[in-house]
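Summary of structural features
So you can see what is in the structure, the chains are spelled out below.
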Amino acid sequence: MATEMKVEVISKETIKPSSPTPHHLRISNLSVFDQVTSEVYVQLLLFYPSSSDEVNNIDHHHSLFAERSILLKTSLSETLTYFYPLAGEFKYNSSISCNDHGAAFVEARVNCPISQILGEPDLGMQKQLVPNHIECRTQSGKGYLLLVQANFFECGGVAIGVTISHKAGDAHTFSKFINSWAAIALGSTTTTDVVPPAQFGAAASLLPPLEFLNSPQPPLEFVHENCSKAASTTVPNPTRVEVVSALIWKCVMEASRSNLGSVRPSAWCQVVNMRKIMDPPMTVDLLGNFFGYFVAKTEESEVNHDVQSLVAEMRKGFEEFKVNFTNGISGEDVLQLCKELGDLIGKVDTDNNYCSTSWCRFPFYKANFGWGKPSWISIPAGAVEIKNIISLMDERDGNGIEARLSLKEENMALVESNQELLAYASLNPSVVL
């Protein structure tokens, strides 16, 4: 019988950049993309099991934990000199004060082997392994833009939980930070391909902040209901994201139609990394938030859909998006996109509209801190109770895709028993290698 997992917090501290941020970099202006991004935190968990010769060497674990903790903190401090805004504080909704406030670092011990989580992935257990941005405030009540929790398991395994303010950066920025931190921890002497130049604030020069957004804005309201989550959908295919997305869209529409007793129009909103589609390609290195989204739709008169037709609708929406924004995007365009997103998924009566974000092809699985690459990476929270949110992430081999769905409970029950989906998917599978 498995031991009930308990996470004991050993210490909490603030990690500051190893070198003071230069005076001319003390203010990092937000772009319009940053301004309209919701004030939510994004979380990531990276699991590193023990090597076979460490598992039974209990006496070695405590010294190993201390050594790895020091390495993580020291390399994080150095990494923050490159990613200095992550150690700062928001100033209204216009800029980040890069004042070297620091990042939160939590060290915790877990009383079970890491295989217990990898064998039966459980969202509730995972949420204990990432730092909570509300609980980790300083004594003066100040929060952090970046929080890290190093979890050391009794078997010698490590899970690194990272929580980052979405207003400070998107998945591209998150990936750059994680891999830069890992490269520095590994002692890489050539980090030019990983650690970015000073690209924070560059997006603001292309899309300057709008003055009327400088004060705190009402957040984009998502519908919160009793939701269930399921993972993972695996469809190895050259057009992986399109095919997986279309299959999920088909299945959730069928579930919604069955429970509603009628056919309704449906929309699929897909988040897009703007760096990949804009010309010139210099924008590829921009840090912060730089994303948009396209919409694919079905009509009320369309009763039956196959995966191929839904893929075609998605491709059509993406191509139209590229035509509109390849040569540039304005602040007004960003505001209009935000308004359309709110109209599609931010209302109570939008049961058949969905929003998907894909972290596929971001190289999170390359993050080697000195004890190998992660065996599994999970997005443990963020959209847990937000209805009709789908998150996609590469499997470790880069072929399959893990999908995390947040749906109304009655819709999830039908999706989990959908035979077409189960022909390609394993629900909540073990990830033990």
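Residues numbered from 1 in each chain as written. Predicted model: local features only at pLDDT ≥ 70, side-chain atom pairs only at ≥ 80, totals over all residues. Heavy atoms only, no water.

**Quick look at the overall build of the protein chain**
Looking only at helices and strands, the protein chain features 11 helices and 15 strands. Burial statistics for the protein chain: of 433 residues in total, 53% are counted as buried. Excluding contacts between residues fewer than 6 apart, the proportion of contacts in the protein chain whose partners are at least 24 apart in sequence is 79%. (Helix = DSSP H or I, 4+ residues; strand = E, 2+ residues; numbered from the N terminus. Buried < 20%, exposed > 50% of the residue type's maximum accessible area, 1.4 Å probe, protein only. Contact = heavy atoms within 4.5 Å.)

**Some details on the sheet that holds strand β5 (residues 95-97)**
In space, the three strands of this open sheet follow the order β2-β5-β4, with antiparallel pairing throughout. Sheet topology places β2 (27-29) and β4 (89-91) at the edges, where each strand pairs with a single neighbour. Here the average twist between neighbouring strands, direction ignored, is 30°. Bridging between β4 and β5 involves three bridges; their strand directions are antiparallel. Bridge assignment links Phe 90 to a residue of β5, and that residue is Ile 96. (Pairing = 2+ DSSP bridges. Axes fitted to C-alpha atoms, helices over the stretch in contact; angles between N-to-C directions.)

**Some points on the pattern of salt bridges**
What the rule picks out here adds up to 11 salt bridges. For Glu 13, the salt bridge is made with Lys 73, and the minimal N-O distance between the two is 2.9 Å. In this pair, Glu 13 sits in strand β1 (residues 7-15) while Lys 73 sits in helix α2 (residues 58-79), placing the two residues 60 residues apart along the sequence. Here Lys 73 falls in the buried class, since its relative accessible area comes to 19%. One salt bridge connects Asp 343 with Lys 339, and the closest N-O pair in it is separated by 3.1 Å. Taken together, the positions of Asp 343 and Lys 339, both in helix α9 (residues 331-345) and four residues apart, correspond to about one turn of that helix. By relative accessible area, which is 35% here, Asp 343 ends up partly exposed. (Salt bridge = Lys/Arg side-chain N within 4 Å of Asp/Glu carboxyl O.)

**Section: the side chain of Thr 21**
Looking at the element boundaries, Thr 21 is found in the loop between β1 and β2. Within the structure, the side chain of Thr 21 is placed 2.7 Å from the side chain of Asp 100, a separation counted as a polar contact. Leaving out residues up to four positions away in the same chain, Thr 21 has contacts with Arg 26, Tyr 84, Cys 98 and Asp 100. (Polar contact = N/O pair within 3.5 Å; in protein donor to acceptor, adjacent residues only side chain to side chain.)

**Observations concerning the sheet that holds strand β7 (residues 146-153)**
Reading across the sheet, the six strands line up as β1-β6-β7-β8-β3-β13 and stay open at both edges, with mixed pairing between neighbours. Edge positions in the sheet fall to β1 and β13 (376-378), since each of these pairs with one other strand and no more. Mean inter-strand twist for the sheet, computed between neighbouring axes without regard to direction, equals 15°. Note that strand β3 (residues 41-48) and strand β8 (residues 158-165) share eight bridges and pair antiparallel. Bridge pairing in β8 places Val 42 opposite Ile 164. Helix-sheet contacts for helix α5 (residues 171-186) involve β3, β7 and β8, and the interaxial angle to β8 is about 140°.

**What about helix α8 (residues 307-325)?**
One turn of the α-helix equals 3.6 residues, which is why residues spaced by three or four share an orientation. Taking 1.5 Å of rise per residue, the 19 residues of α8 would be expected to cover 27 Å, and the 27 Å separating its terminal C-alpha atoms lies within 8% of that figure. Three or more residues of α8 are buried, namely Val 307, Leu 310, Val 311, Met 314, Gly 317, Phe 321 and Phe 325. Along the long axis of α8, the arc covered by the buried residues comes to 125°, so they all point the same way. More than 90 degrees from the buried face of α8, the exposed residues found are Gln 308 and Val 323. Buried-residue contacts for α8 involve α7 (240-260), β10 (266-273), β11 (291-298), α9 and α11 (419-422). (Expected span 1.5 Å × (residues − 1). Arc of directions from axis to C-beta.)

**Some remarks on unusual backbone geometry**
Phi at Arg 361 takes a positive value of approximately 75°, unusual for a residue other than glycine. The topology assignment puts Arg 361 in the loop between β12 (353-358) and β13. A residue is classified by how much of its surface remains accessible, and Arg 361, at 70% relative accessible area, is exposed. Although it is not a glycine, Asn 428 sits at a positive phi angle of roughly 50°. Looking at the secondary structure, you find Asn 428 in the segment after α11. On the accessibility criterion, Asn 428 (42% relative accessible area) is partly exposed.

**Structural notes on the nonpolar core**
Counting 63 residues, the largest nonpolar core has Leu 44, Ile 160, Trp 359 and Phe 369 as the members making the most contacts within it. Those elements that place two or more of their residues in this core are β3, α2, β6 (103-110), α3 (115-119), β7, β8, α5 and β13. With seven residues, α5 is the largest single contributor of residues to this core. Residue-level mapping places this core at the junction of two domains, with at least three residues from each of domain 1 (7-213) and domain 2 (240-361 + 383-423). Of all hydrophobic cores here, the second largest spans 54 residues; its members include Val 272, Met 278, Cys 355 and Ala 425. (Core = buried A, V, L, I, M, F, W, Y, C linked by side-chain atoms within 4.5 Å. Domains from an automatic or database assignment.)

**Notes on the packing of aromatic side chains**
For the coordinates displayed, the defined rule picks out 17 aromatic pairs. Between Phe 33 and Phe 290, the ring centres sit 5.1 Å apart and the planes meet at 70°, which makes this aromatic pair edge-to-face. A residue pair is termed long-range when its members are at least 10 positions apart, and Phe 33 in helix α1 (residues 32-36) and Phe 290 in the loop between β10 and β11 qualify at 257 residues. Each of the two residues, Phe 33 as well as Phe 290, counts as buried. (Phe/Tyr/Trp six-rings, centres within 6.5 Å; stacked < 30°, edge-to-face > 60°.)

**What to know about the confidence of the model for the protein chain**
Model confidence for the protein chain is summarised by a mean pLDDT of 84, while 82% of its residues fall at 70 or above. Below a pLDDT of 50 lies the segment residues 219-224, which in the model reaches 16 contacts outside its immediate sequence neighbourhood of four places, other chains included. Counted against residues more than four places away or in other chains, residues 229-238, with its pLDDT under 50, gives 46 contacts. (pLDDT = per-residue confidence, 0-100.)

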